[in-house]
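As a plain string of letters, each chain reads:
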Amino acid sequence: MSVRAVVTGVGHYLPERIVPNAAFEETLDTTDEWIRTRSGIERRHFAAEGETTSDMAIAAARRALTAAGRGPDDIDAVVVATSTPDLTFPSVATMVQDGLGMTRGFGFDVQAVCAGFVFALTNANALILAGQAKRVLVIGAETFSRIMDWTDRSTCVLFGDGAGALVLEAQDGTGDTSDRGILSADLNSDGRFRDMLYVDGGVSSTGHSGKLRMQGNPLFRQAVDKLTATAHTALSKVGLSDDAVDWIVPHQANIRIIKGTAKKMGVPMERVIVTVQDHGNTSAASIPLALSVGAERGQIKPGDLIVTEAIGGGLAWGAVVLRW
Ligand code: ACO
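Residues numbered from 1 in each chain as written. Predicted model: local features only at pLDDT ≥ 70, side-chain atom pairs only at ≥ 80, totals over all residues. Heavy atoms only, no water.

A. The overall build of the protein, seen in detail. Counting secondary structure elements, the protein contains ten helices and 13 strands. What you see for the protein is a C-alpha radius of gyration of 18 Å, in line with the 20 Å of a compact globule of 324 residues. Along the first, second and third principal axes, the C-alpha set of the protein runs to 60 × 45 × 40 Å. For the protein, buried positions account for 57% of its 324 residues. Within the protein, contacts between residues separated by at least 24 positions form 75% of all contacts whose residues are at least 6 apart in sequence. Separation between the mean location of the 30 positive side-chain charges and that of the 37 negative ones in the protein comes to 4 Å. (Helix = DSSP H or I, 4+ residues; strand = E, 2+ residues; numbered from the N terminus. Rg over C-alpha atoms; globule rule 2.2 N^0.38 Å. Buried < 20%, exposed > 50% of the residue type's maximum accessible area, 1.4 Å probe, protein only. Contact = heavy atoms within 4.5 Å. Lys, Arg positive; Asp, Glu negative; His and termini not counted. Charge placed at Lys NZ, Arg CZ, Asp CG, Glu CD.)

See below:
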């Protein structure tokens, strides 16, 4: 017998306002066609004025709790992946606790930019395996619209806002890969690449939150190799190969990266969850959003073997293998 961290509920929240690519044609030297063909993005959601990362995280968390048949009192820990918190501190996780009416347990944020959800899920799994928590809410929530430079056509057309949440619960498993739950993970980061994607402000440097800067093409060239390698490492840790994969649930940054990684893994696109056309790049929210949408569409079913993978600022990248 061994303990497994099993997904028992999933939910997401997207802000009401949907902005199609064509809207950028009015203010920037860009076209719907360029954005579609280079990134796969067709539209994205932007948070309303005054709508914060914690508001979206709370909404997604409520839906995940309902899906799991649990209330806030059942939860021991909240782990939020975000790079766009409401405030420098306290953590978004503590705001989620308060918003849900959770007066026990603990919460903290994880910051690994677009790879944040993979890092948060791995941390939540470790809390469960170590016996620190039996039920954990794992959330990815971002308001990247707040760190866009609206004059920079190479970045501002790519990102969106949203939140997704999972309830992870300790359950007994057999210890083999037929178990439901998180089976393995692989995490990496390398600060030598930090200039490829960063925000040009912060508390101890400029004193303001700054705007996102990205060298898109060099990053693009790193992405497919690193994502394939981390997915393979995570799978090989539990003796699985690409054939075992029912679904790749990738970070949704660019359809060309998603297709390139799937091709390199030998997994057909019919077995890849794609939401980038509707959400854009929502950073740490993109994987839980894709999991939630994939389950809602009836694509992901209990028992399916899933590989999630993501890369983002740091660079930081990683993969998690789980059985739904
Ligand atoms: N509209 C029209 N033209 C544009 C736009 C735009 N919105 N943006 C850039 N261009 C131009 C560039 O200026 C360039 O023009 P030039 O050739 O005259 O210099 C040309 O289009 C090609 O630009 P590239 O950057 O070479 O285009 P590329 O094919 O690499 O696509 C993209 C750009 C979509 C950004 C791609 O590189 C990408 O997706 N990169 C990775 C993004 C990513 O995965 N980020 C990590 C996760 S994000 C996170 O962690 C927060």
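B. The arrangement of the pairing of strand S12 (residues 305–312) in detail. Along S12, eight of the eight residues are buried, which leaves the element largely enclosed by surrounding structure. In S12, alternate side chains face the same way, and those of Leu305, Val307, Glu309 and Ile311 on one face and Ile306, Thr308, Ala310 and Gly312 on the other are all buried. Two strands pair when backbone bridges link them, and strand S11 (residues 247–250) and S12 are joined in this way by four bridges, in the parallel orientation. Among the inter-strand pairings, Pro250 is bridged to a residue of S12, identified as Glu309. In this structure, S12 lies alongside strand S13 (residues 316–323), joined through eight bridges in antiparallel fashion. Note that in S13 the partner of Val307 across the bridge is Val321. Connecting S12 to the next strand, S13, in antiparallel fashion are three residues, including Gly314 with a positive phi near 145°. (Pairing = 2+ DSSP bridges.)

C. Fine view of the nonpolar core. With 46 residues, the main nonpolar core has Leu235 and Val321 as its most contacted residues. Here this core takes seven residues from helix H7 (residues 216–237), the largest share from any one element. Domain assignment of the residues forming this core places at least three in each of domain 1 (2–173) and domain 2 (181–323). The contact partners of Leu235, leaving out residues within four places of it in the chain, are Ser184, Leu240, Ser241, Asp242, Val245, Met265, Leu305, Val307 and Val321. In terms of nonpolar packing, the next biggest core, distinct from the first, is built from 38 residues, Val110, Ala124, Ile128 and Ile287 among them. (Core = buried A, V, L, I, M, F, W, Y, C linked by side-chain atoms within 4.5 Å. Domains from an automatic or database assignment.)

D. View of the side chain of Gln277. You can see Gln277 is positioned in helix H9 (residues 276–279). Aside from chain neighbours lying at most four places away, what touches Gln277 is Gly40, Ile41, Glu42, Arg43 and Arg297.

E. Structural context of the state of the cysteines. Counted by the stated rule, this structure contains zero disulfides. With no disulfide of its own, Cys156 lies 16 Å from the sulfur of Cys114, the closest cysteine sulfur. Looking at Cys156, the relative accessible area reads 0%, which means it is buried. (Disulfide = S-S within 2.5 Å.)

F. Structural detail: the sheet that holds S11. Taken in spatial order, the four strands make up an open sheet running S8-S13-S12-S11, and their pairing is mixed. This sheet does not close on itself; its edge strands, each paired only once, are strand S8 (181–189) and S11. Mean inter-strand twist for the sheet, computed between neighbouring axes without regard to direction, equals 15°. Along the sheet, H7 contacts S8, S12 and S13; its crossing angle with S8, the most-contacted strand, is approximately 140°. (Axes fitted to C-alpha atoms, helices over the stretch in contact; angles between N-to-C directions.)

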